[in-house]
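# A structural walkthrough
Residues per chain, in single letters:
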Amino acid sequence: MTYKSNLYGRSLEYLTAKKIIDKYPNIKLSNATVEMQRRDSKKISQLDKDLLIKMNKSCEKILLWLEKEAGVPDTLLRFSDNAGKEGDPTDIRIKFNVKELNISLKHNNYSIKHQRPYSTAQWFGFEKGSKE
């Protein structure tokens, strides 16, 4: 994963979660979510000002959609990219009273899910490190 891809992706995840947490300060967070938020808060200062404005606007739209779609959330969970390696692209899961929504955030990418190039051979059934 390139440095900028990692920076932009984690920043967008952080900002989206932060908007939700700020709006709903009593929302439950896992320890992993708290740690990821702490870690990724430091990345925001590395973003270009215009990009940060665009990301914040996107996060506002996501928050408005969530409120319209499901109401007040009670739990927010962030996931590492490890789940994506197993086929689950969820970055953020938001739990509500009777349902949950999984969100896969992409910066400058329209795919729903995409594997990293280095794992393509494994997706086709070849063992990691094989000559094929």
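Quick notes on the rules
Residues numbered from 1 in each chain as written. Predicted model: local features only at pLDDT ≥ 70, side-chain atom pairs only at ≥ 80, totals over all residues. Heavy atoms only, no water. Core = buried A, V, L, I, M, F, W, Y, C linked by side-chain atoms within 4.5 Å. Buried < 20%, exposed > 50% of the residue type's maximum accessible area, 1.4 Å probe, protein only. Helix = DSSP H or I, 4+ residues; strand = E, 2+ residues; numbered from the N terminus. Expected span 1.5 Å × (residues − 1). Arc of directions from axis to C-beta. Polar contact = N/O pair within 3.5 Å; in protein donor to acceptor, adjacent residues only side chain to side chain.

Residues Ile20, Leu66 and Ile94 are the most contacted members of the largest nonpolar core, which totals 25 residues. Elements represented by at least two residues in this core include exactly helix H1 (3–23), helix H3 (49–70), strand E3 (92–95) and strand E4 (100–103).

This paragraph deals with H3. For H3, spanning 22 residues, the distance from its first C-alpha to its last is 31 Å, which sits close to the expected 32 Å at 1.5 Å a residue. Residues of H3 that are buried: Leu51, Met55, Cys59, Ile62, Leu63 and Leu66. For H3, the arc enclosing every buried residue in end-on projection is 115 degrees, short of the 170-degree limit, so these residues lie on one face. Turned more than 90 degrees away from the buried face of H3 sit Lys49, Asp50, Lys54, Lys57, Lys61, Leu64 and Lys68, all of them exposed. The distance from a side-chain oxygen at the start of H3 to the backbone nitrogen of aspartate 50 is 3.0 Å, and the residue carrying that oxygen is aspartate 48.

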